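# Structural features, examined
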Amino acid sequence: MTIRTIIVAAVASLSFAGTGFGQVTFEFTNSGQTLGNNNTQSVALGDLDGDGDLDALIVNAVQDNTVWINNGNGIFTNLGEETPAPLMSSESVALGDLDGDGDLDAMFANDGGDAASAANVVWINNGDATFTNPGQALGQGRSLSVAFGDLDGDSDLDAMVANFNEPNTVWTNDGNGTFTNSGQALGNNNSRTVALGDLDGDGDIDAVVANNSQPYAVWTNNGKGTFTNSHNFNYGINNNTGVALGDFDGDGDLDAMAAAGTGTLSNTVWTNDGTGNFTDSGQTLGNNDSTSIALGDIDGDGAIDAMVANYEQPNTVWINDGTGTFTNSGQALGNALSISVALGDLDGDGAIDAMVANRDQPSTVWNNTVTGAGVCCSLSGCAISTENLAGYCELLGGIYLPTGSCNDCPDSCAGDTNGDGVINIADLLTVIDHWGVCP
C-alpha cells in the first residue's frame, strides 16, 4: 500500500451536512513512543525533510531543541540535529518557509530575561531537516510565543512575538529570511500566546493575544503590517494561557477558543460576528489547568474540533457539532504535566493524530483511529469524510469508499488519474472532463 500523506485539501475543507458524531467513532491510543526527556516547552509539526510526512521540532527548557524525523508510519527518530537553546530556555517555535526556498524554517521565542545571548533566533532549514543559524538576534527579553503570517502584504512570512512584561513586537521579513523590527510596541501586558488570522474579513492578517491577568487583546491590521488594538474580550480569567482561531460555526469567519490556566475556571468559545468582535458563546469546556489548544477535524465530519493540553490532569478532546457547540468526547489522554499539543496526520492513514509535549515526562504520540467514515482516494492523497456530497470525491478525480480507512485505498500508478488502481477509460474521461485552462 502506497503511503498517502498529502491530504486532499478540498475534501478536508468541506463543511459536511451531517456531523457523523454518533455514527463515526474515533479513538486516540498512546503509541508508546517516548520522545526525548522531560521539561519540554512546545512542539511544532511540519515536513522538515521534504519526504511528504510530518516531522516534529520539540522545544526544550534549558536544553537543546531537537528534531524528530517521521518514517511515514508515525514512528519518530531523533535526527541528532540540535538547535541550541538560550541561557534560560526556548518557549515556543513557529515553522514556515522564511527564505522562499520551499522548505520549512524555524523561529524560536526565547525566555532570555535580560541576557542578550538569549534573543529570539531564526534557524534556516538546509532542506534535509538540518538547520543553520544565520546569526540574527531578534529582541531581548521574555518571549513566550511566536506566530507567522504575511503581515505587510508582500507575500513573505513575517512574525509577531508575544512578550511577558514588555510590549509585543512585529518583525518584518525581507523575503530572504532576514527580519527587521517594525518598531511597533503592541500593548504592555504579560502576554502568553499570539494567534494570527483575518478576523475582520478585509483580507489581511490580524491578531489575538492571550494576556496574563488581563483581557484577550484583538489587534487589527491596516493591511500594511501596522496594528491597532481595536478592542478586548474577557471572561474574568486571571491566567489566560492560550488562544486558537478557527471557523467553528461554519459562517466563514474565525472564531476563538481560549484556554484558562487555572482549574477553577473553564476554557471558553468566542463567536466572531465577522468584523472581529467576539461574543462569549456561553460554553464552559472543562475546569482544568489548560496550557495549549490545537484545532483540527478529529472525527472526520468536516467541522473543526479541539484537543486541549492540561497541566496535572488528562488532556481532553472536544468535538464540534458543526455549529460551534462542543462536547467532551470523554477521552482522557495521559496524566502528565502537558504543556503543548500539535495535531496532524502522523501515520499516513488520513486521520488526525496528536503529539503532546510534557513537563515531567517525555513527549508522547497519540494515534487516532476513525471508524464508520468513508474515504476519498485520489493521486493527491486521501481524506476521511463522513459523506461524499454531490460526488465531490469523483469531482476531484478520486474514488469514494463508503467505509474503511486510507489503507484501503488501491495502489495507483502513472496514468491512473482517478486513483482507483486501474488505468482504463475512466481515467481518460477524467482528463476530458477537466480539459482546458487551469483556473
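Computed from a predicted model, the values in this text were never measured in an experiment.

### What about the pattern of salt bridges?
Going through the model one piece at a time under the given rule, you end up with one salt bridge. For arginine 142, the salt bridge is made with aspartate 111, and the minimal N-O distance between the two is 3.0 Å. Taken as a pair, arginine 142 in the loop between strand 9 (131-132) and strand 10 (143-149) and aspartate 111 in strand 7 (residues 105-111) lie far apart in primary sequence, 31 residues in all. For arginine 142, a relative accessible area of 35% translates into the label partly exposed.

### What to know about the sheet that holds strand 14 (residues 190-197)
Strand order in this open sheet of four strands is 14-15-16-17, and the pairing throughout is antiparallel. Looking along the sheet, the strands with just one partner apiece sit at the ends: strand 14 and strand 17 (227-233). Within the sheet, the average angular offset between the axes of one strand and its neighbour, ignoring direction, is 25°. Here three bridges tie strand 15 (residues 206-212) to strand 16 (residues 216-221), and the two strands are oriented antiparallel to one another. Across the sheet, valine 209 pairs through a bridge with alanine 217, a residue of strand 16.

### Description of the environment of leucine 196
Tracing the sequence through the fold places leucine 196 in strand 14. Excluding anything up to four places from it in sequence, leucine 196 contacts Ala147, Phe148, Gly149, Leu151, Met160, Ile205, Asp206, Ala207 and Leu245.

### Structural notes on the sheet that holds strand 9
Taking strand neighbours across the sheet as the criterion, the four strands line up as 6-7-8-9 in an open arrangement whose pairing is antiparallel. The sheet is open, and its two borders are formed by strand 6 (89-96) and strand 9, each paired with just one other strand. When strand 7 meets strand 8 (residues 121-125), the two strands line up antiparallel, connected through three bridges. For methionine 107, the partnering residue across the bridge sits in strand 8 and is valine 122.

### Structural notes on the layout of surface pockets
Considered as a void within the structure, the largest pocket measures approximately 1,500 Å³ in volume. As for the largest pocket, its lining consists of 45 residues, of which Ser42, Ser92, Thr193, Ser292 and Ile293 are closest to the centre. Residues that form the lining of the largest pocket fall into these classes: 26 nonpolar, 13 polar and six charged.

### Topic: the state of the cysteines
Considering all chains together, one arrives at two disulfides under this definition. With its sulfur 2.1 Å from that of its partner, cysteine 376 forms a disulfide with cysteine 393. Taking the torsion about the sulfur-sulfur bond, which here is approximately 90°, the covalent link between cysteine 376 and cysteine 393 counts as right-handed. Highlighted residues: cysteine 376 in strand 29 (residues 374-378) and cysteine 393 in helix 2 (residues 392-395), separated in sequence by 17 residues. Comparing cysteine 376 with cysteine 393, the two get one shared label, buried. Each sulfur in the disulfide pair cysteine 377 and cysteine 409 lies 1.9 Å from the other. As the torsion about the S-S bond is roughly -80°, the cysteine 377-cysteine 409 disulfide counts as left-handed. In this pair, cysteine 377 sits in strand 29 while cysteine 409 sits in the loop between strand 31 (399-401) and helix 3 (425-433), placing the two residues 32 residues apart along the sequence. One exposure class covers both cysteine 377 and cysteine 409, and it is buried.

### So, the packing of aromatic side chains
The full count for this structure, using the stated rule, is five aromatic pairs. Judged by centre distance (5.3 Å) and plane angle (5°), the ring pair of tyrosine 216 and phenylalanine 233 falls under stacked. Of this pair, tyrosine 216 sits in strand 16 while phenylalanine 233 sits in strand 17, placing them 17 residues apart in sequence. Side by side, tyrosine 216 and phenylalanine 233 carry an identical accessibility label, which is buried. Relative to tryptophan 270, the ring of phenylalanine 233 lies with its centre 4.7 Å away and its plane at 50°, an arrangement referred to as tilted. Of this pair, phenylalanine 233 sits in strand 17 while tryptophan 270 sits in strand 20 (residues 268-272), placing them 37 residues apart in sequence. Residues phenylalanine 233 and tryptophan 270 agree in their burial class; the two are buried. In this structure an aromatic cluster arises from ring pairing among Tyr216, Phe233, Trp270 and Phe278.

### Some thoughts on the confidence of the model for the chain
With 89% of its residues at a pLDDT of at least 70, the chain reaches an overall mean of 87. Note on residues 1-22: pLDDT is under 50 here. Beyond four places in sequence and across chains, it has 63 contacts.

### Focus: the pairing of strand 15
Burial runs high along strand 15: seven of the seven residues are buried. By the alternation rule, side chains of strand 15 split into Asp206, Val208, Ala210 and Asn212 and Ala207, Val209 and Asn211, which are all buried. Across seven bridges, the pairing between strand 14 and strand 15 is antiparallel. Within the sheet, the bridge partner assigned to glycine 197 lies in strand 15 and is aspartate 206. Linking strand 15 to strand 16, which pair antiparallel, is a turn of three residues; within it serine 213 sits at a positive phi near 65°.

Thresholds, definitions, all that
Residues numbered from 1 in each chain as written. Predicted model: local features only at pLDDT ≥ 70, side-chain atom pairs only at ≥ 80, totals over all residues. Heavy atoms only, no water. Salt bridge = Lys/Arg side-chain N within 4 Å of Asp/Glu carboxyl O. Helix = DSSP H or I, 4+ residues; strand = E, 2+ residues; numbered from the N terminus. Buried < 20%, exposed > 50% of the residue type's maximum accessible area, 1.4 Å probe, protein only. Pairing = 2+ DSSP bridges. Axes fitted to C-alpha atoms, helices over the stretch in contact; angles between N-to-C directions. Contact = heavy atoms within 4.5 Å. 1 Å grid on protein atoms, 1.4 Å probe; cavity = no way out; pocket = protein on both sides within 12 Å on 5 of 7 lines; lining within 4 Å. Points joined across faces, edges and corners; volume = space filled by probe spheres on them. Nonpolar A, V, L, I, M, F, W, Y, C, P; charged D, E, K, R; others polar. Disulfide = S-S within 2.5 Å. Phe/Tyr/Trp six-rings, centres within 6.5 Å; stacked < 30°, edge-to-face > 60°. pLDDT = per-residue confidence, 0-100.

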